[in-house]
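Here is what each chain is made of, one letter per residue.
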Amino acid sequence: MSEAERPVDAIDGTILQDPMEGCDEVIESILDAHQDPGVPREEDPFEDIYGLYNSVRRNSLDAFDDRFKASAVYDALKLLLRSIGEECGYEHHMHYESKYGKQQVSDGIDRGVYWFKLYAGVLLETQPDITYEWAVSHFKEHRDMRVSHPETIQAPGSGPDAMYVSSIVPLWYVLEDILRLWRKILDMDSEARDEREQVLKGDISPDGGLATYRYGFIQNFNHRTGRPDEGYITDYQNGEGGKNSRFVAGEADFFPSVGDIVRFNAEQETKDDGEPFSTLSVTEITRLE
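Residues numbered from 1 in each chain as written. Predicted model: local features only at pLDDT ≥ 70, side-chain atom pairs only at ≥ 80, totals over all residues. Heavy atoms only, no water.

A. Spatial organisation of the overall build of the chain. Looking only at helices and strands, one finds 7 helices and 7 strands in the chain. Written out in order from the N terminus, the α and β elements of the chain read α-α-α-β-β-α-α-α-α-β-β-β-β-β. For the chain, the C-alpha radius of gyration of 21 Å lies close to 19 Å, the compact-globule estimate for 289 residues. Seen through its C-alpha atoms, the chain measures out along the principal axes to roughly 65 × 50 × 35 Å. Residue pairs at least 24 apart in sequence account for 66% of intrachain contacts in the chain once pairs closer than 6 positions are excluded. For the chain, the accessible surface area stands at approximately 14,700 Å², while carbon and sulfur atoms represent 47% of it. Charge separation in the chain, taken as the distance between the mean sites of 29 positive and 57 negative side-chain charges, equals 6 Å. (Helix = DSSP H or I, 4+ residues; strand = E, 2+ residues; numbered from the N terminus. Rg over C-alpha atoms; globule rule 2.2 N^0.38 Å. Contact = heavy atoms within 4.5 Å. Areas by Shrake-Rupley, 256 points an atom, 1.4 Å probe, with all protein chains shown as cover. Lys, Arg positive; Asp, Glu negative; His and termini not counted. Charge placed at Lys NZ, Arg CZ, Asp CG, Glu CD.)

This is the structure we're talking about:
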């Protein structure tokens, strides 16, 4: 990438300088290594991703002076994560049909991160290490409660919002980890990447035998008084539009957390009247390590 194509802004000396420069270095190396100069810009998926990245970057800086720009950061980051998912081939799994028959997308930034972790975890055969992952939900809460849906009407103030500052900096370190993991995937041999994708889809098992397992992420965990805690898994095969799988905390050999990538088996159980339950029942579960 030429110097003329680099984003121009005043990040020197700001609290975002280190994470932004780290992200700049990673995404520029991705473009240099994987962007095809023969593909027209309007047809180049990497060009779209880079444009969304720059939108996240620009609005992150502008939001220090205008709190409403935090919503622009959120929306651009949602689309950036979906665009990476489109390149990886799983974005369509984020779509579902509502009970009213309307087509929708589960594209909150927390969900976008979980879907990326699921794909990256299986392809790279490891539980993805996302530094400061808590900042994703923290930033989402800031955008929802302080910007988009505040309890009281707030006029634009001068200077940065303290909650924004506490969430946007670690959020950029989250983005750096995601970009580094994506670069590792892009750098994989095409045959190796295809083989791991088949494992993720359940077409083959790691030892080459019949696939009876699923991969997914823990999307919710309920603490229940007087009863064992229960968790729910969204798996790659069913996606957001299919059935979740339910497990009881005591059945897992690890302490489960929302966002964990797991490998599990599940079956359809039925009620006394023969009707199937709305969720699958997990029979075996292991955290991806």
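B. Broad picture of the pattern of salt bridges. Counted according to the given criterion, the structure contains 20 salt bridges. With a shortest N-O distance of 2.7 Å, Asp24 and Arg57 are connected by a salt bridge. One end of the pair, Asp24, is in helix H1 (residues 17-34); the other, Arg57, is in helix H2 (residues 45-62), with 33 residues separating them in the sequence. By relative accessible area, which is 10% here, Asp24 ends up buried. Linked by salt bridges that have partners in common, Glu25, Glu176, Arg180 and Arg183 make up one network. (Salt bridge = Lys/Arg side-chain N within 4 Å of Asp/Glu carboxyl O. Buried < 20%, exposed > 50% of the residue type's maximum accessible area, 1.4 Å probe, protein only.)

C. Spotlight on the packing of aromatic side chains. All told, the structure shown has 14 aromatic pairs when counted by the stated rule. Measuring from centroid to centroid gives 5.9 Å for Phe46 and Trp182, while their planes differ by 25°, and the two rings are stacked. With Phe46 in helix H2 and Trp182 in helix H6 (residues 162-186), the pair connects residues that are 136 residues apart, well separated along the chain. Classification of Phe46 by relative accessible area gives buried; the value is 11%. Aromatic pair Tyr90 and Trp115: ring centres 6.2 Å apart, planes at 15°, arrangement stacked. (Phe/Tyr/Trp six-rings, centres within 6.5 Å; stacked < 30°, edge-to-face > 60°.)

D. Highlighting unusual backbone geometry. Despite not being glycine, Glu125 shows a phi value in the positive range, around 55°. Topologically, Glu125 is positioned in the loop between helix H4 (109-124) and helix H5 (134-148). The phi dihedral of Tyr132 falls on the positive side, at around 60°, and the residue is not glycine. By relative accessible area, Tyr132 is classed as partly exposed at 40%.

E. Inspection of empty space enclosed by the protein at higher detail. This structure, assessed with the given rule, holds 1 cavity of 30 Å³ or more. There is about 40 Å³ of room inside the largest cavity. In terms of lining, the largest cavity is formed by Leu77, Leu81, Ile109, Val113, Val136, Leu171, Val174, Leu175 and Ile178. Every element with two or more residues in the lining of the largest cavity is listed here: helix H3 (69-88), H4 and H6. Per element, the largest residue contribution to the lining of the largest cavity is 4 residues, and it comes from H6. The class makeup of the residues in the lining of the largest cavity is 9 nonpolar, no polar and no charged. (1 Å grid on protein atoms, 1.4 Å probe; cavity = no way out; pocket = protein on both sides within 12 Å on 5 of 7 lines; lining within 4 Å. Points joined across faces, edges and corners; volume = space filled by probe spheres on them. Nonpolar A, V, L, I, M, F, W, Y, C, P; charged D, E, K, R; others polar.)

F. Quick look at the sheet that holds strand E7 (residues 280-287). The mixed closed barrel is built from 5 strands, whose spatial order is E3-E4-E5-E7-E6. Averaged over all pairs of adjacent strands, the angle between strand axes in this sheet comes to 50°, irrespective of strand direction. The pairing of strand E4 (residues 230-235) with strand E5 (residues 245-248) spans 4 bridges and is antiparallel. Residue pairing across strands places Gly231 opposite Phe247, the latter belonging to E5. Strands strand E3 (214-222), E4 and strand E6 (261-267) of the sheet are contacted by H4, whose axis makes an angle of about 145° with E3. (Pairing = 2+ DSSP bridges. Axes fitted to C-alpha atoms, helices over the stretch in contact; angles between N-to-C directions.)

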